[in-house]
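Residues per chain are reported as follows:
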Amino acid sequence: MIYLDNAATTRMAPQVREAMLPCLSERFGNPSSLYSLGTKSRETVDEARKAIGQILGADGEEIYFTGSGTEADNWALKSAALDQKERGRHIITSKIEHHAVLHTCRYLEEQGYEVTYLDVDEWGIVKLSQLERAIRRDTVLISVMAANNEIGTIQPLGKIGQIAGKHGILFHTDAVQAFGQIPLPVKKLGISLLSASAHKIYGPKGVGFLYIKKGVGLSSFIHGGAQEKGRRAGTENTAGIAGFGRAAELAGEEMKERGERERKLRDYLIRRVLGEIPYSRLNGHPLQRLPGNSNFSFRFVEGEALLILLDMEGICVSTGSACTSGSSQASHVLLALGLSDETAHGSLRVTLGRETTGAEIDRTVEAIKRNVAKLRSKSPAYADFLARQRPRGSSRGIRF
Ligand SMILES: *Cc1c(COP(=O)(O)O)cnc(C)c1O
């Protein structure tokens, strides 16, 4: 099997599993219990908090564990909105956010909030001038993702943070894709709230965190016990948290090396695909993108059909995002870039990871080439297109 869907989830690193195992057996104490079995668990949780804080340039105390990246996004948006409802009810976000943010915004709209959805340019970068213009006296939150899950485009976080700071508006970023992949010095970037998730960085599923800058009085979202300083109730997922801490540590240690390796392999993949497959394009920014992300469109090809053929060869990739596949709706991200419905439907996301090899990329390129040609050979639209390309009176086919 060749796994090239690391933006959907990642295979747990062996070191992460090692860090989790004690919590799944002898270290089973409740972190809230006062005897030493409990305090051991409390220490485990706090060490993970510290490790995560460290790679953000934040204090461990500013990290609050949640049950997922989705929960962290929901918390940030709903509580920021509710807490400030007397001050204003306007939120600014972008058109290319993950559904965890977009659907939460839609919910808030139903509750009487107003949301401005910023456009992006052809590369997927938000327009800062439009952001400035969108700010009103009643704007209480700006939420723009750090890096996009489909096209990998990295947003100018520092500039957005500056704008938010200048107007005294909270700045939340969904960093589920970016955390552990690129440096995110939250203080320097002016970020007040940041969401992340363990399973996207070789950690376990079902654990995330929200960074809440000291001084930001974000109210509780899950009510109950006094866990996470009373801000996120529920007995801690100690094994998951231990795994997240270890995964973050590893990401911090390996970030530069991992990034360089993946970027090199990714650029090789992009060069080959664009060079060897006619009528193909790269979606997203050529440079401002996550090291492991590539996203292509192939004209006259259904992304889903291509995905299935690749799966039959043991290659895991994705089309649109995991959430949009299953429905036949074209990806909202690709449409926001200005792609036609047809081009957006013909997209394929190939996301590399720490275990990806050059040989796997070669096999994948060959498989994509072969299967794109196969699907096009059955496409009446493609045959029609070729016929129209052929110069009148010439029997020669077109050369690519
Ligand atoms: C995966 C993802 C999420 C959701 O995180 P979960 O932990 O899977 O709930 C949110 N935002 C982005 C950008 C993601 O890639």
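In the annotation of an unreviewed UniProt entry, the protein is listed under the name Cysteine desulfurase and assigned to Candidatus Merdiplasma excrementigallinarum. The Function (unreviewed entry) comment attached to the protein in UniProt states, word for word, "Catalyzes the removal of elemental sulfur atoms from cysteine to produce alanine." In the Sequence similarities (unreviewed entry) part of its UniProt record, the protein is described as follows: "Belongs to the class-V pyridoxal-phosphate-dependent aminotransferase family. NifS/IscS subfamily."

Peer 1: Honestly, the site of the ligand in this entry has me stumped. Any pointers?
Peer 2: Taken together, 13 residues sit near the ligand, with Thr70, Asp174, Gln177, Ser197 and Lys200 positioned nearest. The side chain of Ser197 places a nitrogen or oxygen atom 2.6 Å from an oxygen atom of the ligand. Here an oxygen atom of the ligand and a side-chain polar atom of His199 are 2.8 Å apart. Here the ligand has 380 Å² of accessible area as a free molecule, and 89% of this is covered by the chains. Here the shell around the ligand is built from residues that sort into two nonpolar, eight polar and three charged.

Peer 1: What am I meant to see in empty space enclosed by the protein here?
Peer 2: Rolling a probe over the atoms, with the probe sized like a water molecule, indicates the empty space that remains. Inspection of the entire model under this criterion finds one cavity of 30 Å³ or more. Reported here for the largest cavity is a volume of approximately 140 Å³. What lines the largest cavity is a set of 13 residues, and nearest its centre among them are Asn6, Ala7, Gln177, Gln181 and Leu352. Across the lining of the largest cavity, the residue classes tally to four nonpolar, seven polar and two charged.

Peer 1: Please clarify how unusual backbone geometry should be interpreted in this entry.
Peer 2: Excluding glycine, residues mostly carry a negative phi; peptide bonds, for their part, are mostly trans. Although it is not a glycine, Tyr202 sits at a positive phi angle of roughly 70°. Position of Tyr202 among the secondary structure elements: in the loop between strand E7 (193-197) and strand E8 (208-212).

Peer 1: Where do I start with the sheet that holds strand E10 (residues 293-298) in this structure?
Peer 2: Two orientations exist for strands paired in a sheet by backbone hydrogen bonds: parallel and antiparallel. The strand order across the open sheet formed by three strands is E9-E10-E12, and the pairing between neighbours is antiparallel. Every interior strand has two partners, whereas the edge strands, strand E9 (280-282) and strand E12 (347-351), have only one. Here the strands of the sheet are splayed against their neighbours by 25° on average, with no regard to which way each runs. In this structure, E10 lies alongside E12, joined through five bridges in antiparallel fashion.

Peer 1: Would you mind showing me how to read the sheet that holds strand E2 (residues 63-66) here?
Peer 2: Pairing within the open sheet is mixed, and its seven strands lie in the order E2-E8-E7-E6-E5-E3-E4. Each edge of the open sheet carries a strand with a single partner, namely E2 and strand E4 (114-118). Looking at each pair of strands side by side, their axes are set apart by 20° on average, direction ignored. Relative to strand E5 (residues 139-143), strand E3 (residues 90-94) is paired through four bridges, and the arrangement is parallel. Bridged to Ile91 within E5 is Leu141. Contacting E2, E7 and E8, helix H2 (residues 36-56) crosses the sheet at an angle of about 120° to E2. Where helix H6 (residues 157-166) meets the sheet, it contacts E5 and strand E6 (170-174), and its direction lies at approximately 155° from that of E6.

The rules we used
Residues numbered from 1 in each chain as written. Predicted model: local features only at pLDDT ≥ 70, side-chain atom pairs only at ≥ 80, totals over all residues. Heavy atoms only, no water. UniProt positions renumbered as here; feature names shortened; annotations may be inferred. Near = heavy atom within 4 Å. Polar contact = N/O pair within 3.5 Å; in protein donor to acceptor, adjacent residues only side chain to side chain. Areas by Shrake-Rupley, 256 points an atom, 1.4 Å probe, with all protein chains shown as cover. Nonpolar A, V, L, I, M, F, W, Y, C, P; charged D, E, K, R; others polar. 1 Å grid on protein atoms, 1.4 Å probe; cavity = no way out; pocket = protein on both sides within 12 Å on 5 of 7 lines; lining within 4 Å. Points joined across faces, edges and corners; volume = space filled by probe spheres on them. Helix = DSSP H or I, 4+ residues; strand = E, 2+ residues; numbered from the N terminus. Pairing = 2+ DSSP bridges. Axes fitted to C-alpha atoms, helices over the stretch in contact; angles between N-to-C directions. Contact = heavy atoms within 4.5 Å.

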